[in-house]
Amino acid sequence: MTTLSDPPAESFKLSMLVYDTRYRAITFQIIALIAFLTLVGWLANNTIQNLADLGKEPSFGFMFEPAGYDINQRLIDYSSQSSHLRAAFVGLLNTLLVAVLGCITATIVGVIVGVLRLSGNWLIARLMTVYVEMFRNVPVLMWIVLCMAILIESLPAPSAFRGDDPASTMKLFDSVAITNRGVYVPEPLFARGLGDISVFGAFDISLDLIAILLVLGGSIFVSRRIGKKADATQEATGIRPRTWHIRTGVLLLPVIVLLGLLGFHFGYPELKGFNFAGGTHMRNSLIALWLALSLYTAAFIAEIVRAGILAISSGQSEAAAALGLRSNRIMSLVILPQALRVIIPPLISQYLNLTKNSSLAIAVGYMDITGTLMGITLNQTGRELETVLLGMLVYLAISLSISSVMNLYNNRVKLVER
């Protein structure tokens, strides 16, 4: 009679780390990781030692010293006696401002141009082709400089607004002044404002803005609940109740009441002396950078939109047309919602490129995070390693935030497999 038993377990030997295929890949990965960390450690230690020999031990204490320079475009209060940390924060806000404005404008222009490139009208389609080829084949830096030159040379000086019969007048009921020094628009003010709260002494957060955002967020939540209730009623009875007036009231009335309680009003720009005073001043450098980045990035977004639309089967359009839908309704209700799944992933890259290209702002004197932290602060303190590392971390954080938000949106609109 024959008996079967399990073979004895093989004991582990060090040679198995190299010759056994079960462990070989892990062994090489660990060796590569150790070599990489050793190289990084050697570089960091060598850098720190060399800086110490030069009397520049790595430190971020300089960020709390007075900056000693002015910033022309700023969203919060700042003076030359403010710290380098506050100057960097002002630059960060300027970077975020132009990035947000640029992404919104580039998306609107890019979608319109992308759709019009597929138009059956020969002239419109060719004009859009010229726009795309012209903008995407010329470096963005040249477009920034060109936009700045056009704004300076083509718009009137503030002196043109002076006199009984001025050569230029303010627009929109004498509330907006467009000059070669920038655009002056009404400034939102609060007569009974709640004040600000300081965060680490580096920047202030407006309590008025927080209150408005909280009320607006609550209004949107209630409006969405009303919309979902209407959807449920429609599914149960087949009849959708009319709720648009209720949702509009829920969105607007609380905010209007809050603005009234805070004493909201506008401060209008006025010509005083040689320039306008009051209102919000949008400098030419901001407008030129905004326009150039938007138009340049829109050319790439237009191609992405065109590719997304072409990826949708023509049978979708033919089926919608057979149901009696017009061309614009077919595009907005059938084609674009499906094309978004193709458009959004490359669109994220364009948003990131626009944000990083904003670092060219120094070419027209716009003080973003590159111009403040990695420009003047670096030159004044000689802390090149610390300032560049901080700047890289800021851009990394902004890019990862944009990617995270867009990926969340992409997950919401992607096709759900059954």
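Keep in mind that this is a model prediction, so the values were computed, not measured.

## Some remarks on the side chain of Thr387
Thought 1: Note that Thr387 resides in helix 12 (residues 384-413).
Thought 2: A distance of 2.7 Å separates a polar side-chain atom of Thr387 from the backbone oxygen of Arg383.
Thought 3: A polar contact of 3.2 Å, which involves the side chain of Thr387, links it to the backbone oxygen of Glu384.
Thought 4: Among all residues touching Thr387, those that are not within four sequence positions of it are Phe62, Leu373, Met374, Thr377 and Leu378.

## With respect to the sheet that holds strand 2 (residues 182-185)
Thought 1: Sheet architecture is open: 3 strands sit in the order 1-2-9, paired in antiparallel fashion. Looking at strand neighbours, the two that pair on one side only are strand 1 (177-179) and strand 9 (280-283), the edges of this open sheet. Along the sheet, successive strands turn relative to each other by an average axial angle of 15 degrees, direction set aside.
Thought 2: In terms of strand pairing, strand 2 meets strand 9 through 4 bridges, oriented antiparallel. Bridge pairing in strand 9 places Tyr184 opposite His281.
Thought 3: Across the face of the sheet, helix 8 (residues 284-310) comes into contact with strand 1, strand 2 and strand 9 while running at roughly 55 degrees to strand 9.

## Structural notes on the UniProt feature "transmembrane region" (unreviewed entry) in the protein
Thought 1: Cross-referencing UniProt, the feature "transmembrane region" (unreviewed entry) maps to residues 23-44, 96-119, 140-161, 197-223, 244-267, 287-309, 358-376 and 388-409 in the present numbering.
Thought 2: Regarding residues 96-119, the helix share stands at 88% and the strand share at 0%, and the terminal C-alpha atoms are separated by 35 Å.
Thought 3: Span residues 244-267 is 75% helix and 17% strand, its end C-alpha atoms 33 Å apart.

## Description of empty space enclosed by the protein
Thought 1: Tallied over the entire structure, the rule returns 1 cavity of 30 Å³ or more.
Thought 2: If you add up the space inside the largest cavity, you get close to 40 Å³.
Thought 3: Lining the largest cavity, in full, are Leu51, Lys56, Gly382, Arg383, Glu384, Leu385 and Glu386.
Thought 4: Sort the elements by how many residues they give to the lining of the largest cavity and helix 12 lands first, with 3 residues.

## As for the packing of helix 4 (residues 122-136) against helix 8
Thought 1: Viewed as axis vectors pointing N to C, helix 4 and helix 8 meet at an angle of 125 degrees, and their least axial separation amounts to 8 Å. One finds that helix 4 runs oblique with respect to helix 8. The way helix 4 lies across helix 8 gives a crossing that is left-handed. Across the interface between the two elements, Tyr131, Val132, Phe135 and Arg136 from helix 4 touch Leu295, Tyr296, Ala298, Ala299, Phe300, Ala302 and Glu303 from helix 8.
Thought 2: Of the residues in the contact of helix 4 with helix 8, the class split is 9 nonpolar, no polar and 2 charged.

## Some points on the pattern of salt bridges
Thought 1: Inspection of the entire model under this criterion finds 8 salt bridges.
Thought 2: Note that Arg136 and Glu133 form a salt bridge whose closest N and O atoms lie 3.0 Å from each other. With a gap of 3 residues between them, Arg136 and Glu133 both fall in helix 4, about one helical turn apart.
Thought 3: With relative accessibility at 30%, the residue Arg136 sits in the partly exposed group.
Thought 4: Since its relative accessible area comes to 32%, Glu133 is described here as partly exposed.
Thought 5: Bridged by salt links that share partners, the residues Arg117, Glu133, Arg136, Glu303 and Arg306 form one connected network.

## Section: the layout of surface pockets
It is the rolling of a water-molecule-sized probe over the atoms that shows where space remains empty.
Thought 1: In this structure, the largest pocket occupies an estimated 1300 Å³ of space.
Thought 2: Counting residues per element, the ones that place at least two in the lining of the largest pocket are helix 3 (84-116), strand 2, strand 3 (187-190), strand 5 (203-206), helix 6 (207-237), strand 8 (275-277) and strand 9.
Thought 3: Along the lines of polarity and charge, the residues of the lining of the largest pocket split into 19 nonpolar, 7 polar and 8 charged.

Rules and cut-offs
Residues numbered from 1 in each chain as written. Predicted model: local features only at pLDDT ≥ 70, side-chain atom pairs only at ≥ 80, totals over all residues. Heavy atoms only, no water. Helix = DSSP H or I, 4+ residues; strand = E, 2+ residues; numbered from the N terminus. Polar contact = N/O pair within 3.5 Å; in protein donor to acceptor, adjacent residues only side chain to side chain. Contact = heavy atoms within 4.5 Å. Pairing = 2+ DSSP bridges. Axes fitted to C-alpha atoms, helices over the stretch in contact; angles between N-to-C directions. UniProt positions renumbered as here; feature names shortened; annotations may be inferred. 1 Å grid on protein atoms, 1.4 Å probe; cavity = no way out; pocket = protein on both sides within 12 Å on 5 of 7 lines; lining within 4 Å. Points joined across faces, edges and corners; volume = space filled by probe spheres on them. Parallel < 35°, antiparallel > 145°, perpendicular 65-115°, else oblique. Left-handed = near helix turned anticlockwise from the far one by under 90°. Nonpolar A, V, L, I, M, F, W, Y, C, P; charged D, E, K, R; others polar. Salt bridge = Lys/Arg side-chain N within 4 Å of Asp/Glu carboxyl O. Buried < 20%, exposed > 50% of the residue type's maximum accessible area, 1.4 Å probe, protein only.

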